[in-house]
Amino acid sequence: MALQMGVLVLFAVVAVVVFLVGDRVRPNSWRHSDDEASSAMVLDLVNMFFAAIVAFIVVILWQQYDNSHAHTVTEAKALVAAYEAADDLPDQDRTRVQGLVHDYTARVVGEEWQVMSRDGALSRNTQDTFDDLRAAVSALPTTDPSVKDIQDKLDTGLDAVADARYDRGMDAEYRLPTFLYVALWFGTGMLLLGTVFSGVVVTKRSVIMTGLFGVVVGAVILAVYQLDRPFAGGNTVSKDAYELALSRFEHIVSGASSSALPR
């Protein structure tokens, strides 16, 4: 932090030195009778800096949000694929494996979603359920070639679940880098001070317009903070993919029950 502040101070000193030295060598025809032109130039630069920082931050956060949502969809699809593959197992094994897939998905939607929102991390209990699921798949009797084929399909699906779960854990821990927040608040401060440096006369109209200006700036800052945590805050990634997976599980079970009825 000290080094960063030193760089900022150095550039400020360099800018002042260039300005003072340049003032001595530039032609008189370039000079203005007041500092209105310089203040307008500085305000334009501040506005451009604030707009660029906000645009850069929003793009980063929205891309992170989109990636987080994609990871949940990938995980939910892999869970459905595993559940469907387990439907061809013998009754006892099918019941255990599908039950664990259902329990894991339900824990993600319930307990783990709350833990991610509160702690920015994954739930240990949900991880234990997933480990039990992998152990149950590994324990399947593979003497029957058809069961071995199903086990291979389950392993492939659970590998995809594990990868997506890891990505989701990284998403839950994500925070915008501190230096970007420093730049954002620095730009905000300069933007608000611009109303002072511009020399606008204090009137009822100017006060109202300044208040509206503050509302816009505040809305931008609030939007940035809401986007910063994909699984917490005001704009969170939905768990619709997992809820749809749970609905699909019920459909698979009901379909299997109907096919088992005598005709």
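Above: the structure in question.
Residues numbered from 1 in each chain as written. Predicted model: local features only at pLDDT ≥ 70, side-chain atom pairs only at ≥ 80, totals over all residues. Heavy atoms only, no water.

Caption draft 1: Expanded view of the pattern of salt bridges. Applying the stated criterion across every chain, the model contains 10 salt bridges. A salt bridge links Glu84 to Arg248, with the shortest nitrogen-to-oxygen separation between them at 2.8 Å. Of this pair, Glu84 sits in helix α2 (residues 36–86) while Arg248 sits in helix α8 (residues 240–260); the two residues are 164 residues apart in sequence, bridging distant segments of the chain. Among the ionic contacts, a cluster of salt bridges with common partners joins Glu75, Glu112, Arg165 and Arg168. (Salt bridge = Lys/Arg side-chain N within 4 Å of Asp/Glu carboxyl O. Helix = DSSP H or I, 4+ residues; strand = E, 2+ residues; numbered from the N terminus.)

Caption draft 2: Looking closely at the environment of Leu227. You can see Leu227 is positioned in helix α7 (residues 204–228). The exposure class of Leu227 is buried, given its relative accessible area of 11%. Taking the C-alpha atoms as reference, Leu227 lies 7.9 Å from Val58; in sequence the two are 169 residues apart. Excluding residues that lie within four positions of it along the chain, Leu227 makes contacts with Leu61, Trp62 and Asn235. (Buried < 20%, exposed > 50% of the residue type's maximum accessible area, 1.4 Å probe, protein only. Contact = heavy atoms within 4.5 Å.)

Caption draft 3: Summary view of the nonpolar core. Core analysis: the biggest nonpolar cluster contains 37 residues, and Leu89, Val97, Leu133, Leu154 and Phe249 have the highest contact counts within it. Elements with a contribution of two residues or more to this core: α2, α3 (91–119), α4 (124–138), α5 (145–173) and α8. Counting residues per element, this core draws most heavily on α2, at nine residues. Val46, Ile57, Ala183 and Ile221 belong to the second largest nonpolar core, which has 16 residues in total. (Core = buried A, V, L, I, M, F, W, Y, C linked by side-chain atoms within 4.5 Å.)

Caption draft 4: Spatial organisation of the packing of aromatic side chains. Considering all chains together, one arrives at seven aromatic pairs under this definition. Judged by centre distance (5.3 Å) and plane angle (85°), the rings of Trp113 and Phe231 are edge-to-face. Here Phe231 lies in the loop between α7 and α8 and Trp113 lies in helix α3, a separation of 118 residues in the sequence. Relative accessible area serves as the criterion here: at 9%, Trp113 is assigned to the buried category. Three or more aromatic residues joined by ring pairs form one cluster here, namely Trp113, Phe231 and Tyr242. (Phe/Tyr/Trp six-rings, centres within 6.5 Å; stacked < 30°, edge-to-face > 60°.)

Caption draft 5: Here's a closer look at the environment of Gly99. Looking at where Gly99 falls in the secondary structure, it is placed in helix α3. The sequence separation of Gly99 and Tyr83 amounts to 16 residues, and the corresponding C-alpha distance is 9.0 Å.

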